[in-house]
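What follows is each chain in one-letter form.
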Amino acid sequence: KNQVEQSPQSLIILEGKNCTLQCNYTVSPFSNLRWYKQDTGRGPVSLTIMTFSENTKSNGRYTATLDADTKQSSLHITASQLSDSASYICVVSAWGLTGGGNKLTFGTGTQLKVEL
Amino acid sequence: DSGVTQTPKHLITATGQRVTLRCSPRSGDLSVYWYQQSLDQGLQFLIQYYNGEERAKGNILERFSAQQFPDLHSELNLSSLELGDSALYFCASSVEGGGGAFFGQGTRLTVV
């Protein structure tokens, strides 16, 4: 069964500090892994997407890593800001059947709060 | 702007009623996904359509149904509404071949 587990469930950090969120998955056959940021009451917004051959991808202060061998990914946030307070969701895509499209498996998210 | 459009943005209705939520995917995307997000909960996958056909089903109640039309827009029908159906309903779309998914801004449904 395809599963995506994220840790920690929630995290509180001080503004300006760094943090790392984890995502472990058992999804096969693996297509890609995407990190989303979801502000309260808004739709998730894609931060990074990585395929099997990519092991790191940056988007401003966000850097995602992927270890396809251990099926682990992390999202590192540098110099956190108050606006980083949100839920961060890891989504892993599995190749679908021929002509059937991909299947997505969502993690339950890490709730990040950045405080002064 | 993700390119995925959901209407309406807000909906308030009474218990027992039926509503229809609409989603227009990004141009060229064949897959449409529907998700429910209750207060302080994660995204719960409801159903996926691919090029007009049901592709995968998640935790979708029998009172709920969906379809994808030839122009690829999709509708989620919720009937016999209960208070517990109050939630944000998100639509996402993706291309075939691993493009990931782009989300709309959601429809906030309040059942009173």
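Preceding block: the structure.
Residues numbered from 1 in each chain as written. Chains lettered and ligands numbered in written order. Predicted model: local features only at pLDDT ≥ 70, side-chain atom pairs only at ≥ 80, totals over all residues. Heavy atoms only, no water.

> How should I be thinking about the overall build of chain A in this particular structure?
On a plain count of helices and strands, chain A comes out with zero helices and 11 strands. Start at the N end of chain A and walk to the C end: the helices and strands fall as β-β-β-β-β-β-β-β-β-β-β. A globule of 116 residues ought to have a C-alpha radius of gyration of about 13 Å, and chain A, at 14 Å, matches this closely. Seen along its three principal axes, the alpha-carbon backbone of chain A occupies a region of about 50 × 30 × 20 Å. Out of the 116 residues in chain A, the part that is buried amounts to 45%. Residue pairs in contact within chain A that sit at least 24 positions apart in sequence constitute 57% of those at least 6 positions apart. For chain A, the computed accessible surface area is about 5,700 Å², with 50% contributed by carbon and sulfur atoms. Positive and negative side-chain charges in chain A, numbering 10 and 8 respectively, have mean positions lying 6 Å apart. (Helix = DSSP H or I, 4+ residues; strand = E, 2+ residues; numbered from the N terminus. Rg over C-alpha atoms; globule rule 2.2 N^0.38 Å. Buried < 20%, exposed > 50% of the residue type's maximum accessible area, 1.4 Å probe, protein only. Contact = heavy atoms within 4.5 Å. Areas by Shrake-Rupley, 256 points an atom, 1.4 Å probe, with all protein chains shown as cover. Lys, Arg positive; Asp, Glu negative; His and termini not counted. Charge placed at Lys NZ, Arg CZ, Asp CG, Glu CD.)

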